[in-house]
Amino acid sequence: MSYSTWLRRLGYFLLATIATVVLGLRGFHAEPVVAQAPSPFSLIQQAQARSQQGETEAAIALLTDAAAQFAAQGDTLNQAMALGNLTATYLSIGQGPAAAAALAQALTLATAQPQTPDQQRILAQLWDIQGQQRLEQGQPQAAIDIWSQAAALYAGQNQSALQLQNELNQAHALQALGLYPRACQTLLRSLALEATTCDLTEAALNTLSTVAATPERVLVMTQLANVLRVLGHLDQAADLLEIARGQAQHLGLADLTAMVTLQQGNVWRAQAVRPTLTTTQREQAKRAAIAAYQQTAQSPHLPISLQAQANLLSFWVATGDQTAAIALWQELKPDLAQLPNNRTGLEIRLNLAESLLTLLPSPSGRGAGDEGNAIAIADVEALIKTTVQQATTLGHDRLQAYGLGSWGRLAELQGQPTGAIALTQRALALVPPFQAPEVAYPLFWQLGRLQAEQGEREAAIAAYGQAIQILASLRGDLVAVNPEVQFSFREQVEPIYREFVGLLVGGANPTQTDLQRARQVVESLQVAELDNFFQDACAETKPQLIDDLDRSAAVIYPILLPDRLTVIVSIPGQPLLHYSTAITRSDLEATLRDLRLALQPGAFPDEYLASSQWLYDLLIRPAAASLAQHQIQTLVFVLDGYLRNVPMAVLNDGQQFLMEQYNLALTPGLQLLASQPLGQIPVQTLMGGLAEGRQGFSPLPAVEGEIVQIKATVPAAVLFNQTFTRENLQAQITQQAFPIVHLATHGQFSSQAEDTFILTWDDRISVKQLDQLLRSRTQGKKNPLELLVLSACETARGDDRAALGLAGVAVRSGARSTLATLWQVNDVSTAEFMAYFYQELTKPGMTKAKALRNAQLALKQDPDFQNPFFWAPFILVGNWQ
């Protein structure tokens, strides 16, 4: 497990620790019924003070004495309360067996008492502690079940503070399960905010900033900010944390302020890799993250301090600053002995171990650690072994499995592959795959990789297949696997799919079974990327074969692997074709960037033809004869990586461009396709256009002419300039189910959902908001949106994966097909192209892909627009029929 996964996990668990420090016995321990005798109650108060000062052994002695005194007095209910406090204290230092014994006795005593309000309150608080025990043991669902019982008791007793802490606990466990959207709803309810999605409006933030500060509310806001960060709402998370930090400082709670600052560091760290930010903005975010971590590291509360240092160390590792990482490790290493042996302490140790493993040299001698072996293997081994032993004592199978997985990686780095495989298998034996998927999938990945390196191909295929199956089962909760911003998906999920494909097609003559499975894996990767983009399951999936969809179409799957480009071609009724070219992914992407940059309005043919012919030779030429033999008319591309940023229309065989030979379409995968034939499309259109410059975007003067020409060709309702608002667009879509929606306005596609939007006169409509807007159509699925046209949008500059946002819009809009542009084209040529397109679309028997091709051919005949810059960027995503 990499640093990014630990940043995700460690973003929330300290909140429970802080709750103990800030709220004292009220938030974590059960309270007494009434102070009838001074002696045992004074012991409870002394224990609380000692516990907050970190003197847990003294607190345990005081609580044990108090429980004995209550027992001697026959005060059974307060004896149960004291034993509950004792349980919580044992849990805080990782003494699982002692905690279990004390809790069992407390529950027995409490449940035997008559059901009075005091007994119900004590019982609910004991259940709260029992839930914490289950969470400490790595059983978050069991914890939620227990906390739900306690919540039912609190609800009838007007125990608002205890109820709020209970909700915090449940949100904490939901995050441990990876159910971040559910955790978000829980936290929003705790703040008395009504929201159907995990999204904070400016009005909600203003409300939160004006409500009286309490420690509980600051904790809720900080947890909510963590969830927002994980779900990609970085700006909202940053705004919320500013409010929370101000309130924590106002309350004078240093530890709570430090915890908020730690979360701010995590948010700034995520901001530092946002591709849509400028280099300067990313550098500012990086400096802010470092400053927040360094400030939090000064906290006297050791777990918070060490967590900040562990996150900073992993950040240094991620950014390649090995010198700073090694120096920080040497600085913090002496403090590790003071960490408690509870879940908090174990997770910090595992976080550090993962960073240190990255700093160690690889078996081949390459990689980090060349600075004189500054990271001692013995230190890393001792850290991991201690963690595994303590996790075993705590009874936390998941943390034990994490530790064994790290131990396996260490064995691999030491050149002990057999031992690495054995340790990984031991780890997998502790975690049922579909009960602990976030732990199991990387272990199966590790096992498959190790077995492949040892030449155990069939065993490796089985292990990779299990990892992919687990990921597929998590579609709706893919955030549970890697909810970090997009860069962690590229590190922790995407490589599994690519390595598996490489294993399946890596032999000299892969079988049809291997190729079919490789194609399925490629489709699954496309789905996983979109799920990660939206942080939820983006669409229904259904297995599809091109044979069942269009007998005159072929599907082409180019797959970018580290050392080669592999292509699988599916022609109806024929065996799958497969061919590969030895080329590194970095070299291939460099050439693709050169081609993309060469497609400029003033470029000469010799500036782009060599690259476009080279790409044709890689992707099409080996299959050209088969395509011609089987009379293929349409090529459907399932594009991978940077290939999405290059229009396939410009591929050239030396005589013609590809769009002069075939109808062309893109799809994220056949299983995401609305596949039924459409017949003749009714062309009644809702048009929205923005010609004037708004919100910092330049004017689009030819949009008015585009609308006039289209309206002269097809029936259309028009919203233009001032009338093109979100409210008016919503009203039109709600009133009538237009089969075509055409938006002629600025828009941006990005690899991040929050940076993918459409511009209106008064607002920016995000991709998720566009989804909700378009799906609000009155007749719903009975009259689906046949075509969404986005005629002036473009992919975000500097974002290599920006076209993922285009695919996201295409899938999430609910439209069967989406026509869009990869870059912002001259608006005069766009208007001309759109007039051609709609004229073609109205012809009997015309498919959308053929209408696109004919419009491109017509535009290419115009002497002013012969350059591919003008006609190539128009692409059709989705159903081509």
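Right above here is the structure, for reference.
Residues numbered from 1 in each chain as written. Predicted model: local features only at pLDDT ≥ 70, side-chain atom pairs only at ≥ 80, totals over all residues. Heavy atoms only, no water.

> Please clarify how the nonpolar core should be interpreted in this entry.
The nonpolar side chains of soluble globular proteins are, as a tendency, buried together. In this structure, Ile620, Leu635, Phe637, Phe837 and Trp880 are the most contacted members of the largest nonpolar core, which totals 209 residues. Ranked by residues supplied to this core, first place goes to helix H27 (residues 512-534) with 10 residues. In this structure Phe637 touches Ile556, Ile620, Met648, Leu658, Leu664, Ala665, Leu666 and Thr667, once residues within four positions along its chain are discounted. Within the second largest apolar cluster, 45 residues are counted, among which are Val220, Leu231, Leu256 and Val267. (Core = buried A, V, L, I, M, F, W, Y, C linked by side-chain atoms within 4.5 Å. Buried < 20%, exposed > 50% of the residue type's maximum accessible area, 1.4 Å probe, protein only. Helix = DSSP H or I, 4+ residues; strand = E, 2+ residues; numbered from the N terminus. Contact = heavy atoms within 4.5 Å.)

> Please explain the packing of aromatic side chains as it appears in this structure.
For any pair of aromatic rings, geometry is given as the distance between the ring centres together with the angle between the planes. In the structure shown here, the tally under the stated rule is 10 aromatic pairs. Relative to Phe757, the ring of Phe697 lies with its centre 6.1 Å away and its plane at 70°, an arrangement referred to as edge-to-face. Of this pair, Phe697 sits in the loop between strand S6 (685-689) and helix H32 (703-713) while Phe757 sits in strand S9 (residues 757-759), placing them 60 residues apart in sequence. Pairing Phe869 with Phe870 gives two aromatic rings, centres 5.3 Å apart and planes at 90°, and the pair type is edge-to-face. Across the pair, Phe870 and Phe869 agree in class, each one buried. In this structure an aromatic cluster arises from ring pairing among Trp823, Phe865, Phe869 and Phe870. Cation over ring: Arg694 sits above Trp761, and NZ or CZ is 3.8 Å from the ring centre. (Phe/Tyr/Trp six-rings, centres within 6.5 Å; stacked < 30°, edge-to-face > 60°. Lys NZ or Arg CZ within 6 Å of the ring centre and 35° of its normal.)

> Any chance you could explain the packing of helix H20 (residues 377-394) against helix H21 (residues 397-413) here in plain terms?
In a pair of packed helices, the angle between the axes and the distance between the axes together describe the arrangement. Relative to each other, H20 and H21 sit at 155°, their axes nearing to 8 Å. With respect to each other, H20 and H21 are oriented roughly antiparallel. Crossing angle aside, the handedness with which H20 passes H21 is left-handed. Across from Ile377, Val380, Glu381, Ile384, Lys385, Val388, Ala391 and Thr392 in H20, the residues of H21 making contact are Leu399, Gln400, Gly403, Leu404, Ser406, Trp407 and Leu410. (Axes fitted to C-alpha atoms, helices over the stretch in contact; angles between N-to-C directions. Parallel < 35°, antiparallel > 145°, perpendicular 65-115°, else oblique. Left-handed = near helix turned anticlockwise from the far one by under 90°.)

> I tried to follow the pairing of strand S11 (residues 787-795) on my own but got confused; where do I start?
Across the 9 residues that make up S11, a large majority, 9, are buried. Of the strand pairs in this sheet, strand S8 (residues 740-749) and S11 are connected by 8 bridges, and their pairing is parallel. For Leu743, the partnering residue across the bridge sits in S11 and is Leu790. As judged from the 3 bridges shared by S11 and strand S12 (residues 817-821), these two strands associate in the parallel manner. Counterpart to Leu787 in the pairing with S12 is Ser817. (Pairing = 2+ DSSP bridges.)

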